[in-house]
Each structure stands twice: as C-alpha cells, then as structure tokens.
Amino acid sequence: MKLKNTLLIALLAVICSANSLATQAKVCMPNDMDAVKPSKHDRTVRFATFNAFLNRNTAGQLITDLQDTSNSQISAVAEIIQRTRPDVLLLNEFDFDENGEAIALFQDNFLSLPQNGQKPIHYPHIYLAPSNTGIPSGLDFDNDGSTSGPGDAFGFGFFPGQFAMVLLSRYPIADRKVRTFQKFLWKDMPGALLPDDAETTEPNDYYSKEELAEFRLSSKSHWDIPIYINKRIVHILAAHPTPPVFDGPEDRNGKRNHDEIRFWADYVKGRYSSRYIVDDHGRRGGLNRWSRFVILGDYNADPNDGDSTNNAITQLLKNPTIDASIAPASLGGFEDAENEGQLNDIHLGNAALDTADFNPANPGNLRVDYVLPSKFGLSPVCGGIFWPTTKDESRYLVGDGFPVVSSDHHLVWLDIIVR
Ligand SMILES: [Ca+2]
Ligand SMILES: [Ca+2]
Ligand SMILES: [Ca+2]
Ligand SMILES: [Ca+2]
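Parameters at a glance
All residue numbers here refer to positions counted from 1 along the written sequence of the relevant chain. Here every chain gets a letter starting at A, and every ligand a number starting at 1, in the order they are written. Only residues with pLDDT of 70 or above have their local features reported here, since the model is predicted, and side-chain atom pairs are shown and tallied only from 80 upward, although totals for entire chains, interfaces and linings are computed over all residues. Only hydrogens and water are removed before side-chain values are computed, so all heavy atoms of the structure are retained for them. Counting from the N terminus, the helices are the DSSP runs of H or I reaching at least four residues and the strands are the DSSP runs of E reaching at least two. Only the C-alpha atoms count toward the radius of gyration. The rule for a globule is 2.2 Å times the residue count to the power 0.38. Each residue is assigned to one of three classes by its accessible area relative to the maximum for its type, calculated with a 1.4 Å probe on protein chains only: buried under 20%, partly exposed between the two thresholds, exposed over 50%. Only four residue types enter the tally: Lys and Arg on the positive side, Asp and Glu on the negative side; His and the chain ends are excluded. To locate a charge, take atom NZ for lysine, CZ for arginine, CG for aspartate or CD for glutamate. Sites may look incomplete because water is not among the atoms; the donors themselves are N, O and S atoms within 2.8 Å of the metal, or within 3.2 Å for Na, K and Ca. The geometry test gives tetrahedral to four donors whose angles all lie between 85 and 135 degrees, gives square planar to four donors and octahedral to six donors whose opposite members are over 155 degrees apart with all other angles between 65 and 115, and gives irregular to the rest. Any carboxyl oxygen of Asp or Glu within 4 Å of a side-chain nitrogen of Lys or Arg constitutes a salt bridge here. Contacts between residues were defined by any pair of non-hydrogen atoms, one from each residue, lying within 4.5 Å. Whether two strands pair comes down to DSSP finding at least two bridges between them.

Undergrad: What should I look at first to understand the overall build of the chain in this one?
TA: The number of helices and strands found in the chain is 10 helices and 13 strands. Whereas a compact globule of 419 residues would reach a radius of gyration of roughly 22 Å, the chain reaches 20 Å, a difference of no more than 12%. In the chain, buried positions account for 60% of the 419 residues. Across the chain, the mean location of the 39 positive side-chain charges is 13 Å away from that of the 54 negative side-chain charges.

Undergrad: Would you mind showing me how to read the coordination of the calcium ion (ligand 2) here?
TA: For a metal bound by four donors in tetrahedral geometry, the ideal donor-metal-donor angle is 109.5 degrees, whereas six donors in octahedral geometry ideally sit at 90 or 180 degrees. In the first shell of the calcium ion (ligand 2), the protein supplies Asp196 (OD), Asp197 (O), Thr200 (O), Thr200 (OG1), Glu202 (O) and Asp205 (OD), at 2.2 to 2.8 Å from the metal. Each of the six donor atoms bound to the calcium ion (ligand 2) contributes to angles spanning 68 to 174°, and the resulting shape is irregular. Read from N- to C-terminus, the donor residues coordinating the calcium ion (ligand 2) fall into the pattern D-D-x2-T-x1-E-x2-D. Owing to a relative accessible area of 30%, Asp196 belongs among the partly exposed residues under this scheme.

Undergrad: Looking at this structure, I do not really get the pattern of salt bridges. What am I missing?
TA: Two side chains bearing opposite charge may form a pair once their charged atoms approach each other closely. Applying the stated criterion to the full structure yields 12 salt bridges. In this structure, Arg83 engages Glu393 in a salt bridge whose closest nitrogen and oxygen atoms are separated by 3.1 Å. Note that Arg83 is positioned in helix H3 (residues 72–84) and Glu393 in the loop between strand E12 (378–385) and strand E13 (412–418), a separation of 310 residues in sequence.

Undergrad: Any chance you could explain unusual backbone geometry here in plain terms?
TA: Negative phi values dominate among residues other than glycine, just as trans dominates among peptide bonds. The step from Asn362 to Pro363 runs through a cis peptide bond, and the omega angle for that step is 5°. Note the cis peptide between Phe402 and Pro403, where omega equals -5°. Considering the arrangement of structural elements, one finds Pro403 in the loop between E12 and E13. Phi is positive for Phe163, close to 60°, though the residue is something other than glycine. By the secondary structure assignment, Phe163 is in the loop between strand E4 (125–127) and strand E5 (165–169). In this structure Phe163 comes out as buried when scored by relative accessible area, which is 16%.

Undergrad: Is there a simple way to think about the side chain of His235 in this case?
TA: By the secondary structure assignment, His235 is in strand E8 (residues 232–238). Assessed through its relative accessible area of 16%, His235 is described here as buried. Residues in contact with His235, not counting those within four places in the same chain, are Asp224, Ile225, Pro226, Leu287, Ser291, Arg292, Phe293 and Val294.

Undergrad: Looking at this model, I keep getting lost on the pairing of strand E9 (residues 292–298). Mind explaining?
TA: Side-chain direction in a regular strand flips from residue to residue, so the side chains alternate between the two faces of the sheet. Among the seven residues in E9, seven count as buried, and that is most of the element. Taken together, the five bridges between E9 and strand E11 (residues 369–373) define a ladder with antiparallel strand orientation. When the bridges of E11 are listed, Gly297 appears paired with Tyr370.

Undergrad: Help me understand the environment of Ala52, please; the structure alone is not making it clear to me.
TA: Among the secondary structure elements, Ala52 is positioned in strand E2 (residues 44–54). Between the C-alpha atoms of Ala52 and Asp307, which are 255 residues apart in sequence, the distance is 22 Å. For Ala52, the contacting residues outside a window of four places in its chain are Gln73, Val77, Leu91, Asn92, Glu93, Ser406 and Ser407.

Printed below as a string of structure tokens:
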C-alpha cells in the first residue's frame, strides 16, 4: 500500500504537469488490479486492444503451441483476457492461418478453460483475414540484391501471415459488410510521404516506378469490421502499422507508419478526405460523419517519444471526429519507467500512459496501443492498461518486459457507452 501511495503522489504530479502541457486527456486507470470490475452501465461496452505476442518464427508453430494447454506464455495471455473481460478485443501479432485453426484452439484450449481460477470467457464471433506480412512481392524492396527475404514481402515477415491480427467479439459481426484494404497501393494516397533516394535529383524515388506499382500501404491489413451492438452499428477499425524504425536515412518505415495511420485519419474525416480510398472489392470512400467507430490496434507511434515521423499519431489524437478525451493508464507502467530509468527518464510523455514495455536503453517504454472512439454516438467512460505493479497479486502475468512472460505490450481497454 505504501508503495502505491508514494507512486500515486508522484504520478499525480506528473499527470497535472503533463495535462497542462501536452494532452487535454483525462487519465483513467483501474485502482485495483486484483479486481478489474466490469462497468455497471448496461449500455457500456468494453473495447480492448492487445498486442499479444502470439507470433512464432515458423508457419504452423503457433498451432502446435496452442495444442499444449500448459504453454505458460499463452496461458498468461488468456488469463489477462479473462481478468479484463473485454466485449470486443483486437489481438495484434497473432499468426494467420486460413482455416482459423489457431484462433479456434486459443478459444477452446485457453479462453474456455479457467486460467489460475479465472472465469472462462467465450467469443462467439471472430473475424480474421490475410495479412500482407511475409507474402513475397517478387521485388527487391530492401535493396539487398535479392528478391526473397522478410524485407521484400508486402509487409515485413518471414512467412505469409506472421504478425497478423484477429478480432474477437461477444457481439455479432456484419460479415458481409466488412471492408478490407490489404491491397490499397501507397502511391494512390494523395501527397503520400513516399521515401526519397537522396543520391538522385528525382523526388520520392527510393522505390522504383515498378516497385511503387506494387507497393501496398498496409504492412498487415486495414479492416473496417461493422458489429451490431444494441441495434447500432459500430465500425471497428483495425490495423497494425509498421514500426517506424529498422530503416535508413530515407525513413521508409517511419513514412509508411505515418501514412498507415493517416489512412484511418482520412477514412473517418468525411467524404472529401476519404474519396481516394478504395477497398479490396473496388468500392470507394470512407465512413460518413454519422458513423460510430472505434479504432483499435498497436499503431507503433507515441505522441511524445520514440521515432515517429511528423508526430504520426496526432493525426488520430487530434482528429475532429475522434474522442481522445479519456486516456487509459496504469500504475505499473509508471513504476516500470521509474525503476528502469535510462531513456524513460528523458521521455516527455506521461509514463502511466505507456502501453509497451520496451528496452530502457532504446526506445524506452512507449504509448503505442490505442482504443479511440468516434465523437459521434459513443461516449468513453473509463478504461485502463493491464500493467500491475510489483506489489499487485497479478504481477506474475507481466514481468519486467524481457524475458517476455505474456507480451511486451499490455492490454488496453476503454468502457464506452453506445448511444
Ligand atoms: Ca531484397
Ligand atoms: Ca531522389
Ligand atoms: Ca514513455
Ligand atoms: Ca520494463
């Protein structure tokens, strides 16, 4: 309790200064990790995003691992979900297989079984689709002289579907109204931040004309998944933009990350902004202004720290159609940054808002995972980040970051009233 009080006082000081400077968002966190309680309001729906680190090094390995109900990492991921009990949950970094075998095994062998005495949870509605990761392009995107390898795939990956994503829902999914943007070409975004080869006078020519004719914007996929909640339609907008690092002075990944985020910013901003957008079935445009939506996912972009290009995430946090007024937070994230220091000490952002537990030497902990509702028709109530402190009973589910116990990211949730 003492530790919690000390932390809380320090945290409140940081929140007050952070609020006056960077964000106007209200910080919201669960006050007791041992009992994350579902909201009482009957129209309140819990939306969550979790980069669950359920990717593996080879195709099929995840399915093999999911057959072993004693797998400790997968059990820890499942227990976090059972404790937080989201109604709608996006999992990032969940390897894709066409038949949905992996997600069925995750449900049957883990979520449906009590983990350390937690109540099982069942998701009757699932959405999954192919991801650009690991699909060979046949081109030499990373300029290493060969056209095979993870850097030449449409999205970085060692096999098709690595690092993919899946949506789990207690509410029905309007399957036939789902739109995917897996194949949308980067060059078709007006004013795209196409990287430049500084050695030539031609602008934006890091990728050749032939490469740009094939280069897909989405490193995984972008999905608009409408779900029915109490006779309303809420569009889940799911994506996982590429990390803005692992590149050179041309900043190809930083620029792609920026534009992958911009895609949703334009998609929700109305007819003029979204008119260039085309889905995988050739239908044009984005959402109209009277649509309810919740953006979910790991966007690999922190509003204050890390290596984002042009402060990419502010395209969403300051978007006129998005309500970013409630920022989920945790005491555990605040404590971890205090304990590990290094780059965390010079970060500008409030460490209680961090969602990823990264190497303190570089880049430090970051806020990269988001649940962002529309202003129209939805009202965020409160939320949190599942990041228990060293004094919490459930600490064993998260560890210090490395080695990874459950994931290097933390589940983020937001309770939202659907009006
Ligand atoms: Ca290559
Ligand atoms: Ca050039
Ligand atoms: Ca931080
Ligand atoms: Ca850590």
